[in-house]
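Notes for the structure review
So you can see what is in the structure, the chains are spelled out below.
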Amino acid sequence: MVKIGIITGSTRDSRVNLQVAEWVKSIADRRTDAEFELVDIKNYNLPKFNEPIPAIMSQDYQAPEAKVWSEKISELDGFVFVTPEYNKGITSGLKDAIDYLYVEWNNKAAGIVSYGSTLGVTAANNLRLILTVPKVATVGTQAALSLFTDFEEMRTFKPAPFHEETVQTMLNEVVAWSTALKTIRE
Ligand SMILES: Cc1cc2nc3c(=O)[nH]c(=O)nc-3n(C[C@H](O)[C@H](O)[C@H](O)COP(=O)(O)O)c2cc1C
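Computed from a prediction, not measured in an experiment: that's the story for all the values here.

A surface patch of nonpolar side chains, amounting to about 320 Å² of accessible area, comprises I53, I56 and M57. Considering the arrangement of structural elements, one finds M57 in the loop between strand 2 (34-39) and helix 2 (64-75).

Following this line, the structure appears as structure tokens:
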């Protein structure tokens, strides 16, 4: 069975991100075709990116936190990124978490769950472009949540029920592509 990491996309103390990531995990846990793990980038305490050599050239990471992060991403076959939108892009915390590594991401699949006042779709498209370089294949189906209608007072996550079916369809694609891509890494 493939292992899929549900990656958080915000690290600020007052984030709503974890509520969304935990909801995705609860939907994923109804499945029996893959293992799912919530991977909270905040727990890895990655410093602001400061590596002297890009990960595409060397995996001799200077930051000890990056070594731990590398081990986690290496274990996983696919991902679901749960991303908010900050000024039309992803957060600097998520960007750093991606930038720290290279081979650990290679030839794996990902789905995206986005949210924001404009559903986070611009951030999601930004993330799709970023992920092309470390060779992460992003599936088409995406859950896009509104800060105005899927949250109470923009703080408490109360998603419209129809999003669950979208998440399951996205997970169908992520599991299928993660399984297929595992064969080319072996
Ligand atoms: C610096 C900043 C910029 C933002 N820019 C956007 C934006 O461009 N588009 C959008 O839809 N929401 C934007 N928002 C609203 C966020 O989507 C909203 O605050 C959300 O709760 C952030 O996710 P988090 O609470 O998990 O960190 C922005 C929020 C912040 C803090």
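The subject of this paragraph is the sheet that holds strand 3 (residues 78-84). Taken in spatial order, the 5 strands of this open sheet run 2-1-3-4-5, and their pairing is parallel. In this open sheet, the two strands that pair with only one neighbour each are strand 2 and strand 5 (136-146). Strand after strand, the sheet turns through a mean of 20° between neighbouring axes, direction not considered. Relative to strand 2, strand 1 (residues 2-8) is paired through 6 bridges, and the arrangement is parallel. Residue pairing in the sheet places G5 in a bridge with E37 of strand 2. Contacts from helix 2 reach strand 1, strand 2, strand 3 and strand 4 (108-116), with the element oriented near 155° to strand 2.

Taken together, the neighbourhood of the ligand is formed by 15 residues, with S10, R12, Y86, N87 and Y115 sitting nearest. Interatomic distance of 2.9 Å between a side-chain N/O atom of E85 and a nitrogen atom of the ligand. Between an oxygen atom of the ligand and a side-chain N or O atom of Y86, the distance comes to 2.7 Å. In isolation the ligand offers 620 Å² of accessible surface; the protein chains occlude 78% of this area. Counting atoms within 2 Å of the grid points, the majority share of the ligand lands in the largest pocket. Considering only residue class, the shell around the ligand consists of 5 nonpolar, 6 polar and 4 charged.

Parameters at a glance
Residues numbered from 1 in each chain as written. Predicted model: local features only at pLDDT ≥ 70, side-chain atom pairs only at ≥ 80, totals over all residues. Heavy atoms only, no water. Patch = residues over 30% accessible without salt bridge, like charges linked within 9 Å, V, L, I, M, F, W, Y side chains within 5 Å. Areas by Shrake-Rupley, 256 points an atom, 1.4 Å probe, with all protein chains shown as cover. Salt bridge = Lys/Arg side-chain N within 4 Å of Asp/Glu carboxyl O. Helix = DSSP H or I, 4+ residues; strand = E, 2+ residues; numbered from the N terminus. Pairing = 2+ DSSP bridges. Axes fitted to C-alpha atoms, helices over the stretch in contact; angles between N-to-C directions. Contact = heavy atoms within 4.5 Å. Near = heavy atom within 4 Å. Polar contact = N/O pair within 3.5 Å; in protein donor to acceptor, adjacent residues only side chain to side chain. 1 Å grid on protein atoms, 1.4 Å probe; cavity = no way out; pocket = protein on both sides within 12 Å on 5 of 7 lines; lining within 4 Å. Sits in = over half its atoms within 2 Å of the grid points. Nonpolar A, V, L, I, M, F, W, Y, C, P; charged D, E, K, R; others polar.

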